Amino acid sequence: MNNLIENRRDFIKRAAIATAALPLLSACNRDALALNGSGKVLAQIRKNAQARTAEGMGAIDVPDNVSWKTAFPVTSDDGEQMVISGTIHQSDGKTVAPNVLVYFYHTDKFGIYGREGQPKHGRYRGWMLTDEKGRYEFSSIRPASYPNSTQSQHVHMTLTGTDFREDWIDSILFEGDRFLTDRERSSVGKRGGFNPIVTLAKGNDGIMRAVRDIQLMKA
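All of these numbers come straight from a predicted model, not from anything done at the bench.

Chemist: Can you break down the overall build of the chain residue by residue, with the values?
Modeler: Scanning the chain for helices and strands turns up two helices and twelve strands. Listed N to C, the secondary structure of the chain is α-β-β-β-β-β-β-β-β-α-β-β-β-β in terms of helices and strands. Here the chain holds 219 residues, and 41% of them are scored as buried. Partitioning the contacts of the chain with sequence separation of at least 6, the portion at a separation of at least 24 is 65%.

Chemist: Which residues make up the pairing of strand E11 (residues 208–211), and what values go with them?
Modeler: Of the two faces of E11, the one holding Met 208 and Ala 210 is buried and the one holding Arg 209 and Val 211 is not buried anywhere. For strand E2 (residues 81–89) and E11, the ladder comprises four bridges, and the chain directions are parallel. Directly across from Ser 85, in E11, lies its bridge partner Val 211. Judged from the two bridges that link them, strand E10 (residues 201–202) and E11 form a sheet pairing that is antiparallel. When the sheet's bridge partners are listed, Lys 202 is paired in E11 with Met 208. Between E10 and E11, which pair antiparallel and follow one another directly, the connecting turn spans five residues, one of which, Gly 206, has a positive phi of 85 degrees.

Chemist: How would you sum up unusual backbone geometry? Please name residues and give values.
Modeler: With a phi close to 55 degrees, Asn 99 is a non-glycine residue in the positive phi region. Within the secondary structure, Asn 99 is located in the loop between E2 and strand E3 (101–105). Overall, Asn 99 belongs to the partly exposed group, its relative accessible area being 32%. For Phe 194, which is not a glycine, the phi torsion comes out positive at approximately 50 degrees. Within the secondary structure layout, Phe 194 lies in the loop between helix H2 (182–187) and strand E9 (197–198).

Chemist: Please set out the pattern of salt bridges residue by residue, giving values where relevant.
Modeler: Counted according to the given criterion, the structure contains eight salt bridges. For Arg 185, the salt bridge goes to Glu 175, with nearest N and O atoms at 2.9 Å. Taken together, the residues span a long stretch of sequence, with Arg 185 in helix H2 and Glu 175 in the loop between strand E8 (173–174) and H2 at a distance of ten residues.

Chemist: Could you give an account of the packing of aromatic side chains, naming the residues involved and the relevant values?
Modeler: With the rule as written, the count across this model stands at eight aromatic pairs. Ring geometry for Phe 104 versus Phe 138: centroids 4.1 Å apart, planes at 20 degrees, classification stacked. Of the two residues, Phe 104 is situated in strand E3 and Phe 138 in strand E5 (residues 135–141); the sequence distance between them amounts to 34 residues. Across the pair, Phe 138 and Phe 104 agree in class, each one buried. Of the aromatic side chains, those joined through ring pairs into one cluster are Tyr 103, Tyr 105, Tyr 113, Trp 127, Tyr 146 and Trp 168. The positively charged end of Arg 135 is found above the aromatic ring belonging to Trp 68, 4.1 Å away from the centroid.

Chemist: Account for the sheet that holds E3, naming residues and giving values.
Modeler: Here four strands make up an open sheet; going across it, the order is E4-E3-E6-E7 and the pairing antiparallel. Edge strands, defined here as strands with exactly one partner in the open sheet, are strand E4 (125–129) and strand E7 (167–168). The pairing of E3 with E4 spans five bridges and is antiparallel. Counted as the bridge partner of Leu 101 is Leu 129 from E4.

Chemist: Go over the nonpolar core with me, naming the residues and quoting the values.
Modeler: Core analysis: the biggest nonpolar cluster contains 26 residues, and Ile 84, Ile 88, Tyr 136, Phe 138 and Met 157 have the highest contact counts within it. Those elements that provide at least two residues to this core are E2, E3, E5, strand E6 (156–160) and E11. The contacts of Phe 138, once residues within four sequence positions are left out, are Thr 70, Met 82, Val 83, Ile 84, Phe 104, Met 128, Val 155 and Ile 172. Of all hydrophobic cores here, the second largest spans 14 residues; its members include Ile 45, Tyr 103, Tyr 105 and Trp 127.

Cut-offs applied
Residues numbered from 1 in each chain as written. Predicted model: local features only at pLDDT ≥ 70, side-chain atom pairs only at ≥ 80, totals over all residues. Heavy atoms only, no water. Helix = DSSP H or I, 4+ residues; strand = E, 2+ residues; numbered from the N terminus. Buried < 20%, exposed > 50% of the residue type's maximum accessible area, 1.4 Å probe, protein only. Contact = heavy atoms within 4.5 Å. Pairing = 2+ DSSP bridges. Salt bridge = Lys/Arg side-chain N within 4 Å of Asp/Glu carboxyl O. Phe/Tyr/Trp six-rings, centres within 6.5 Å; stacked < 30°, edge-to-face > 60°. Lys NZ or Arg CZ within 6 Å of the ring centre and 35° of its normal. Core = buried A, V, L, I, M, F, W, Y, C linked by side-chain atoms within 4.5 Å.

Printed below as a string of structure tokens:
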């Protein structure tokens, strides 16, 4: 009788453990499927990338582990930390656009892109693949104007999809930049929709944040 009771207890215990593991196993299966799907998406995106140059760059160099978020480890010596986030929409400006690759790059706090030993586009460059909600986000530093110039501060961006070729959109610009011109204000929004001139707001954590939503252009 005691053995029967112990066997029943062991059975119940094993069943409970197996049941508890089901959500984890299901999550693992979903992750595996997502990775496989992402691999197919990236393969198609690479086909739609701009042709490779001597330095590479852009969608052609997207890493396999790309996510909808990317972040650089920065210190106060690197510059003012900022986080830019947004949602990419279809050409109707409403429907979200998943699986769009965003490539960005910008200068360091001295207005320089690549230094010795760095890629041509410098340290501050990265890729994001929008999630099912069309979201992207990157954590970096506020770029500086080119040395000895009146060029406004900016972040370059390209977009690549599974059904459209890599192309440039309006650079992100910054309210409060003393070099931002009236001409730039009047010409923005033609490539990427919405307003690419963002207002950085500093949070309690000292990090500046802004939103740059994007609208895909009609084919």
